[in-house]
Each structure stands twice: as C-alpha cells, then as structure tokens.
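# Commentary on secondary and tertiary structure
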Amino acid sequence: MTSNLKNDIGLALLRIASSAFLLTHGIPKFQKMISGNFEFGDPIGIGPTPTLFLAVLAEFVCPILIIIGFKTRWAAILPAITMLVAAAIAHATDPFGKKEKALLFLVIFVAIILLGPGKYSIDRK
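Because the structure is a prediction, the values reported are computed rather than measured. (Residues numbered from 1 in each chain as written. Predicted model: local features only at pLDDT ≥ 70, side-chain atom pairs only at ≥ 80, totals over all residues. Heavy atoms only, no water.)

### Comments concerning the nonpolar core
Among the nonpolar cores identified, the biggest contains 14 residues, and Ile66, Met83 and Phe109 are the most heavily contacted of them. Elements represented by at least two residues in this core include exactly α2 (48-68), α3 (72-90) and α4 (96-115). Looking at this core, the element that brings in the most residues is α3, giving six residues. Not counting residues up to four positions away in its chain, the partners in contact with methionine 83 are Leu22, Glu59, Ala102, Phe105 and Leu106. (Core = buried A, V, L, I, M, F, W, Y, C linked by side-chain atoms within 4.5 Å. Buried < 20%, exposed > 50% of the residue type's maximum accessible area, 1.4 Å probe, protein only. Helix = DSSP H or I, 4+ residues; strand = E, 2+ residues; numbered from the N terminus. Contact = heavy atoms within 4.5 Å.)

Laid out in structure tokens, this is it:
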C-alpha cells in the first residue's frame, strides 16, 4: 500500500469516525430542538436558545458535512470551537477526566482543519 493511499484512508477514517462519534451527542440536541424544548446551558452568556442552536450546528450539521467531506475544513471549525468552549468554560472547574473527551474532539477537529479531508471526499471531486 502506498504512502498516499495510507494517508487518504487515514484521513477518511479520522474524519468519518470522529464525526460519527460527535453525532451521538448532536442527535439528542437536534431532537430536543425540533421538539420545541430550548432549555440548555449558557456557558458564554448568549442565551440558552442560541447556544442550543450553535450546539446543533456544531454537533449535528457540521459532522454530517465532515462525514461526506463537503467544505470539510470550514465545517470542522465550529465543532473545534464548541469543544474548546466545553473544555475551557463549561468544564473549567471539573477534573481533567471530565473535560478529556472535549479536548480529544478539539484535537481531532483541529487536525481535520489542518490536514483537510483527503482524497475520499466531495471536496476532492
């Protein structure tokens, strides 16, 4: 297997798996929003409804775009910011183990921003 093929498969795996994992957090938020329940945390002081809307974009809409590889680098920005807010603000006083998942997602989405989607994406077609 050539190095380029390995890299492209690795990027696809990173992009698809991490976004699928993030969707498990975004789907319940999306369902909450479409059911009309807008109660949600407000870690940056913009209100619960806008915060929920941004969380749905970051954890539901953007991961779908990243999975298919459409506008991948741009789509990875919002999840990265959301994970930074989760780790640094929402879980600021929590022990490391509580914020570790957000930090892992942050690192992954920053890597996707830097590396791009790879060959197996709509962006490369």
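Past the structure itself, the notes keep going.
### Side note on the environment of lysine 98
Take lysine 98: it is sitting in helix α4. When the C-alpha positions of lysine 98 and methionine 1 are compared, they lie 39 Å apart, and in sequence the two are 97 residues distant.

### Re α4
Given a rise of 1.5 Å per residue, 20 residues ought to cover 28 Å, and the 27 Å separating the end C-alpha atoms of α4 matches this to within 8%. Approximately 25° is the largest bend angle found in α4, and it occurs at alanine 102. Buried residues of α4: Lys99, Ala102, Phe105, Leu106, Phe109 and Ile112, and no others. For α4, the secondary structure elements touched by its buried residues are α1 (3-34), α2 and α3. The positive-phi residue at the C-terminal boundary of α4 is glycine 116, with phi of around 80°. (Expected span 1.5 Å × (residues − 1). Bend = angle between axes of the 7 residues up to and from the residue.)

### Looking at the pattern of salt bridges
Opposite charge on two side chains permits them to pair, given that their charged atoms come into close proximity. Taken as a whole and assessed by the stated rule, the structure comprises one salt bridge. In this structure, the salt-bridge partner of glutamate 59 is lysine 29, at a minimum N-O distance of 2.7 Å. With glutamate 59 in helix α2 and lysine 29 in helix α1, the pair connects residues that are 30 residues apart, well separated along the chain. (Salt bridge = Lys/Arg side-chain N within 4 Å of Asp/Glu carboxyl O.)

### Overview of the side chain of arginine 15
Summarising the element assignment, arginine 15 is placed in helix α1. Salt bridges are absent for the buried arginine 15, whose nearest opposite-charge side chain, aspartate 123, sits at 7.2 Å. There is a polar contact of 2.6 Å between the side chain of arginine 15 and the backbone oxygen of isoleucine 66. A polar side-chain atom of arginine 15 sits 2.9 Å from the main-chain carbonyl oxygen of tyrosine 120. (Lys, Arg positive; Asp, Glu negative; His and termini not counted. Polar contact = N/O pair within 3.5 Å; in protein donor to acceptor, adjacent residues only side chain to side chain.)

### Points about the packing of α1 against α2
Packed helix pairs are specified by the crossing angle of their axes together with the interaxial distance, meaning the distance between the axes. Where α1 meets α2, the axes come as close as 8 Å, and the angle between the chain directions of the two elements is 145°. In this structure, α1 crosses over α2, and the sense of that crossing is left-handed. Seen from α1, the contacting residues are Arg15, Ile16, Ser19, Ala20, Leu22, Leu23, His25, Gly26, Ile27, Lys29, Phe30 and Met33; seen from α2, they are Leu52, Phe53, Ala55, Val56, Ala58, Glu59, Phe60, Pro63, Ile64, Ile66, Ile67 and Ile68. Per-class residue counts for the contact of α1 with α2 are 18 nonpolar, three polar and three charged. (Axes fitted to C-alpha atoms, helices over the stretch in contact; angles between N-to-C directions. Left-handed = near helix turned anticlockwise from the far one by under 90°. Nonpolar A, V, L, I, M, F, W, Y, C, P; charged D, E, K, R; others polar.)

### Some words on the packing of α3 against α4
Two elements in contact, α3 and α4, have axes whose closest approach is 8 Å; the angle formed by their N-to-C orientations is 155°. In terms of orientation, α3 and α4 fall into the roughly antiparallel class. When the axes of α3 and α4 are compared, the crossing they make is left-handed. Taking contact as the criterion, the partners of Thr72, Arg73, Ala76, Ile77, Pro79, Ala80, Met83, Leu84, Ala86 and Ala87 in α3 are, on α4, Lys99, Ala102, Leu103, Phe105, Leu106, Phe109, Val110, Ile112, Ile113, Leu114 and Leu115. The residue inventory of the contact of α3 with α4, partitioned by class, reads 18 nonpolar, one polar and two charged. (Parallel < 35°, antiparallel > 145°, perpendicular 65-115°, else oblique.)

Purely geometric stuff here, so don't read any function into it on its own.
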